[in-house]
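# Analysis of the macromolecular model
Listed below are the residues making up each chain.
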Protein chains: 2
Amino acid sequence: MGEKIQTMTFGNKPRIIAGMSVVGKKEGEGPLGKYFDIVQYDPKFGEKTFEKGEANMFSRAISGAIRKAGLEPYDVDVLLAGDLLNQLVSSSYVARGLPMAYLGLYSACSTMTEALALGAALIDAGHFRRAACATGSHFATAERQYRYPLEYGCQRPPYAQWTATAAGCSILSCEGPGPAITHATIGRVVDFGINDLNNMGAAMAVAAADTIYTVFEDTGFDERDFDAIFTGDLGRLGAEIMRDLCRERGLELGQKYSDCGEMMYYRGQNCYCGASGAGCSASVLNSYILGRLNGGMYKRVLLLATGALMSPTTSYQGETIPSVSHGVILEAE
Amino acid sequence: MGEKIQTMTFGNKPRIIAGMSVVGKKEGEGPLGKYFDIVQYDPKFGEKTFEKGEANMFSRAISGAIRKAGLEPYDVDVLLAGDLLNQLVSSSYVARGLPMAYLGLYSACSTMTEALALGAALIDAGHFRRAACATGSHFATAERQYRYPLEYGCQRPPYAQWTATAAGCSILSCEGPGPAITHATIGRVVDFGINDLNNMGAAMAVAAADTIYTVFEDTGFDERDFDAIFTGDLGRLGAEIMRDLCRERGLELGQKYSDCGEMMYYRGQNCYCGASGAGCSASVLNSYILGRLNGGMYKRVLLLATGALMSPTTSYQGETIPSVSHGVILEAE
């Protein structure tokens, strides 16, 4: 009954009219430090627990983005948000303090592009005037939920990644300045057969490769049409695998391609293969990438956030790691 | 800058062209038993663990709905799904075996109406031809994740609810027979100050009441315009609170109002105040409610699924329970 359809095209130019990024100390000390709006040195963000700290970071990203857009919370109709904590509690507890409709999303570390895709679709159709799209992650909460207690001091393999303490929020509207979201491609769930929780970059690379082919097939664009192509948090090893997977199908990504996880830390920061976490691509998008789109350095960008969809329970039960990558195309005015 | 907007109106009649429900033994022995498509007596659904059993139930609901619509998996463009397990692993692992794009959603027990709202928006805008919207829950997996190990035999208060072992899937398309989704109202997150994990019906009732007022304000409909109004899983006590909250604002719900959680079990089944769980409203919608819409007994129905957005971690940290309710209006042909 015809071709599979994964890509949405937006005719009414839903735009990112403002973006906000909030990160932790380590991220602030990395190569992108100067681009982030807020660098917070206290890992608990002034709260009593790491979880409440994560919610505080999340809240600052959302309220900051709304303020940067020159709006009040009441001017934003809907919040599309998710995070890595069980039951998305950072998103939900922040949403409790906001007056707008709330859509909880979970796509692990690809939540930012899922939120942008759905937010753009709702804004483009005229259902809402403005949407806030947000996600984040926190090293300390993710580590103790997904891996080991922080005090345990578990040794990591060199291909491990470091969950970024970071949050980002974009405000979408069809009115106002800023780059338009012209297309969004919703990923399929793929599985490379990886079952090593420290090697998520490899698991996710295959999802990013699957989605980039789909973006090119569905839109007719190819790598020459983009000034930059970013994956979310594959890290150094995952980004190499991504390059190899694309090369196998005749696609040479070259210098245009970067991975937000690879960009986040200096090698000397002891973060192994780089950053992971939903906040990684969210914070890089809402600082560095958005700045370069608004500053005229980029005309068209493809962002492929990448998510590993396992849980500790499925890993204990011997399962491999399924992954997904949702892509959005951003075009400067 | 104008009124808050929470309601979407769909002009192209996205319809539920097929629905499928799969439930466990206890649900099959309840008052709605004869309406469900599949009643499975083995709580592990033939698998080795309860979690894999839940995924199996989920998978049967989705593949069954696709089959009932006369389609193949390749004919469905996108799956919008979520569940109660950490990291939505039932949804994601089932999505791994399907060829379509995947959007993971989390709205606790209001995930079914979040999926229908977003699915209808994407279908209505013409981005996709057909969407599958699915959610589910399982007594044994939810109990051990959210409360106590099953073997512990913890005593429950009389106002507790019983997580339904149930899954439901709706196939949406603008072409084909079936009731149209004419409006969807996205809920705000509200908090009644309840911190008793056994009293989620009370926590969620305030969200359902908030959303029903919004539905009536935004659409101009009132209770007389509906043949039936359903909440998701408030249970007996929560449904009473819902009636009281509405009465306080001059809205008498009367006989038209039922709660899917209250309908699920006989009193003699020892399920306290009734069913909870994302699968509760999903299975009742895709069996009893859909049957009565297609059979001409209902002309217009309002379904308000209800979700409690806490996690065990937030409860341990002394937090109260925020809740949300998303509503959809269904109209028979």
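Now for a look at the structure at hand. (Residues numbered from 1 in each chain as written. Chains lettered and ligands numbered in written order. Predicted model: local features only at pLDDT ≥ 70, side-chain atom pairs only at ≥ 80, totals over all residues. Heavy atoms only, no water.)

### A look at the overall build of chain A
For clarity, the threshold we go by: For helices the rule is a DSSP run of H or I covering at least 4 residues; for strands it is a run of E covering at least 2, with both sets numbered from the N terminus onward. It only takes one pair of heavy atoms within 4.5 Å for two residues to be counted as in contact. Accessibility throughout is a Shrake-Rupley quantity obtained with a 1.4 Å probe, and a residue counts as covered only by protein chains that appear here. Charge assignment: positive for Lys and Arg, negative for Asp and Glu; neither His nor the chain ends contribute. Each charge is placed at NZ for Lys, CZ for Arg, CG for Asp and CD for Glu.
The secondary structure content of chain A amounts to ten helices and 15 strands. Taken along the three principal axes of its C-alpha coordinates, chain A extends 50 × 50 × 40 Å. For chain A, long-range pairs separated by at least 24 residues make up 78% of all intrachain contacts whose partners lie at least 6 apart in sequence. Entry remark: accessible area of chain A is about 11,000 Å², with carbon and sulfur atoms responsible for 48%. One finds the centroid of the 29 positive side-chain charges in chain A at a distance of 5 Å from the centroid of its 36 negative side-chain charges.

### Re the relation of the copies chain A and chain B
Applicable threshold: When the copies are superposed, the least-squares fit takes in the C-alpha atoms of residues with a pLDDT of at least 70 in both.
When chain A is fitted to chain B, the residual RMSD is 0.0 Å, and the transformation amounts to a turn of 180° plus an axial shift of 0.0 Å. As the rotation angle and translation indicate, the two copies are arranged about a two-fold axis. Among all residues of chain A, the one whose C-alpha sits closest to the rotation axis is Leu105 of chain A, at a distance of 2.2 Å. In this assembly, 100% of the residues forming the interface of chain A have copies in chain B that are likewise at the interface, indicating an isologous arrangement.

### Overview of empty space enclosed by the protein
Residues and elements named next belong to chain B. The following threshold applies: Every definition here rests on a 1 Å grid over the protein atoms only: cavities are sets of points where a 1.4 Å probe fits but cannot get out, pockets are open sets enclosed by protein on both sides within 12 Å along at least five of seven lines, and lining residues have some atom within 4 Å of a point. Grid points are joined across faces, edges and corners, and a volume is the space filled by probe spheres set on the points. Any residue that is not Ala, Val, Leu, Ile, Met, Phe, Trp, Tyr, Cys, Pro, Asp, Glu, Lys or Arg is counted as polar, Gly included; the first ten are nonpolar and the last four charged.
On inspection of all chains with the given rule, the structure shows seven cavities of 30 Å³ or more. Roughly 160 Å³ of internal volume is contained in the largest cavity. Looking at the lining of the largest cavity residue by residue, the classes come out as eleven nonpolar, four polar and one charged. Taken as a whole, the second largest cavity encloses approximately 120 Å³ of empty space. Residue lining of the second largest cavity: 13 residues in total, with Leu84, Cys109, Tyr146, Met200 and Met310 positioned closest to the centre. Of the residues contributing to the lining of the second largest cavity, the split by class is nine nonpolar, three polar and one charged.

### Regarding the interface of chain A and chain B
Our working rule: Any carboxyl oxygen of Asp or Glu that lies within 4 Å of a side-chain nitrogen of Lys or Arg is treated as forming a salt bridge with it. Think of a polar contact as two N or O atoms within 3.5 Å of one another; within protein, one of them needs to be a possible hydrogen donor and the other a possible acceptor, and neighboring residues in sequence only count if both atoms come from side chains.
Taken together, the 60 residues of chain A in the interface contact 60 residues of chain B. Summed over the shared surface of chain A and chain B, the result is six salt bridges. Note that Glu319 of chain B is salt-bridged to Lys52 of chain A, the shortest N-O span being 3.5 Å. The interface formed by chain A and chain B includes 24 residue pairs in polar contact (both at pLDDT 80 or more). Elements with a contribution of two residues or more to the side of chain A that touches chain B: strand S1 (7-9), helix H2 (50-68), helix H3 (89-95), strand S5 (101-104), helix H4 (111-124), helix H5 (139-146), helix H10 (312-316) and strand S15 (322-331) of chain A. Partitioned by chemical class, the residues of the side of chain A that touches chain B number 29 nonpolar, 18 polar and 13 charged.

### Considerations on the pairing of strand S5 (residues 101-104) of chain B
Sheet faces and side chains relate simply in a regular strand, where the side chains alternate between the two faces. Heads up, the condition is: Only protein chains enter the accessibility calculation, which uses a 1.4 Å probe. A residue is then buried if its area is under 20% of the maximum for its type, exposed if over 50%, and partly exposed in between. With strands facing away from the observer, any crossover in which the path from the first strand over the helix to the second runs clockwise is taken as right-handed.
Where burial is concerned, the two faces of S5 of chain B agree: the one with Ala101 and Leu103 of chain B and the one with Tyr102 and Gly104 of chain B are both buried. For the crossover that starts at strand S4 (residues 78-83) of chain B, traverses helix H3 (residues 89-95) of chain B and ends in the parallel S5 of chain B, the hand is right-handed.

### Some remarks on the side chain of Ser173 of chain B
Residues and elements named next belong to chain B. With respect to the helices, strands and loops of the structure, Ser173 is situated in strand S8 (residues 166-173). For Ser173, a relative accessible area of 4% gives the class buried. Within the structure, the side chain of Ser173 is placed 3.0 Å from the backbone nitrogen of Glu175, a separation counted as a polar contact. When sequence neighbours within four positions are dropped, the list of residues in contact with Ser173 reads Lys13, Pro14, Arg15, Ile17, Ile123, Arg129 and Arg130.

### Regarding the state of the cysteines
Here a disulfide denotes one covalent bond, and it connects the sulfur atoms of two cysteines. Residues and elements named next belong to chain A. Keep this limit in mind: Here, the term disulfide refers to a pair of cysteine sulfur atoms separated by no more than 2.5 Å.
Scanning all chains against the criterion turns up zero disulfides over all chains. The thiol sulfur of Cys260 is not disulfide-bonded, and the nearest other cysteine sulfur, from Cys280, lies at 5.4 Å. What makes Cys260 buried here is its relative accessible area of 0%.

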